[in-house]
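# Observations on the model geometry
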Number of protein chains: 2
Amino acid sequence: MVRNKLFENYMSCIGPIGNSMFYFQAYEIFSSKNSGSVSLIGFSISIIALNSWLFYGVYIKNKPLIFANIVGALGAFFVVLGIIIYPKI
Amino acid sequence: MVRNKLFENYMSCIGPIGNSMFYFQAYEIFSSKNSGSVSLIGFSISIIALNSWLFYGVYIKNKPLIFANIVGALGAFFVVLGIIIYPKI
């Protein structure tokens with residue numbers, strides 16, 4: 001069905017774009033050299049979940065999930081790295 | 001297949017738990033009354049993506065996606081609300 005394909009293509013775009021959130025957050029930390037009110041627990045949990053979604057995407061052979069969560073898992077890692085390097089002042 | 005069911009049940013748990021990240025982040029903002037280095041652009045983008053994932057989950061009738069993204073969309077909304085109420089000092 002064309003509609004399926006369209007929605008899947010849309011999700012293959014919006015998925016990684018949505019997870020660009022982690023890169024905006026990592027940029028904010030690295031540029032201000034301060035992790036201020038960014039939650040270490042929260043972003044650490046999200047690394048575990050994003051990797052689970054990645055394996056699940058591979059398991060059910062769902063491209064949008066795979067694309068989005070490769071981007072997300074890497075981004076969340078950068079955020080946690082930033083929080084560790086630049087702890088709350 | 002039992003393995004399918006098991007993985008799906010695991011994702012139905014880890015999905016919402018993963019998106020609890022938004023609630024940890026919102027709590028951090030509301031308790032410190034400061035959104036410090038939390039990225040407004042990043043979390044605003046994630047609201048759009050989370051809602052897209054929610055509709056996609058409904059569309060492909062995928063329970064883990066539905067559960068996770070109801071939790072996530074609401075949580076991301078609280079974070080953005082927090083950033084607006086308590087802008088960076």
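Description of the structure in this document. (Residues numbered from 1 in each chain as written. Chains lettered and ligands numbered in written order. Predicted model: local features only at pLDDT ≥ 70, side-chain atom pairs only at ≥ 80, totals over all residues. Heavy atoms only, no water.)

This part is about the overall build of chain A. A tally of helices and strands in chain A yields 4 helices and 0 strands. With the principal axes as the frame, chain A shows a C-alpha extent of 55 × 20 × 15 Å. Buried residues in chain A amount to 51% of all 89 residues. Within chain A, contacts between residues at least 6 apart in sequence are counted, and of these 76% link residues at least 24 apart. (Helix = DSSP H or I, 4+ residues; strand = E, 2+ residues; numbered from the N terminus. Buried < 20%, exposed > 50% of the residue type's maximum accessible area, 1.4 Å probe, protein only. Contact = heavy atoms within 4.5 Å.)

It is worth spelling out the relation of the copies chain A and chain B at this point. Two copies of one chain are present, and they are related through a rotation about an axis combined with an axial shift. Once chain A is rotated about the relating axis by 180 degrees and shifted along it by 0.0 Å, it coincides with chain B to within an RMSD of 0.0 Å. What the superposition gives is, in effect, a two-fold axis relating one chain to the other. In terms of proximity to the rotation axis, the leading residue of chain A is G36 of chain A, whose C-alpha is 2.3 Å off the axis. Here 100% of the interface residues in chain A have copies in chain B that are interface residues too; the copies meet face to matching face. (Least-squares fit on C-alpha atoms with pLDDT ≥ 70 in both.)

Next up on the list: the environment of S35 of chain A. Relative to the elements of secondary structure, S35 of chain A occurs in the loop between α2 (21–32) and α3 (40–59). Judged by relative accessible area, which is 2%, S35 of chain A ranks as buried. Excluding anything up to four places from it in sequence, S35 of chain A contacts I29, I83, Y86, P87 and K88 of chain A together with S37 of chain B.

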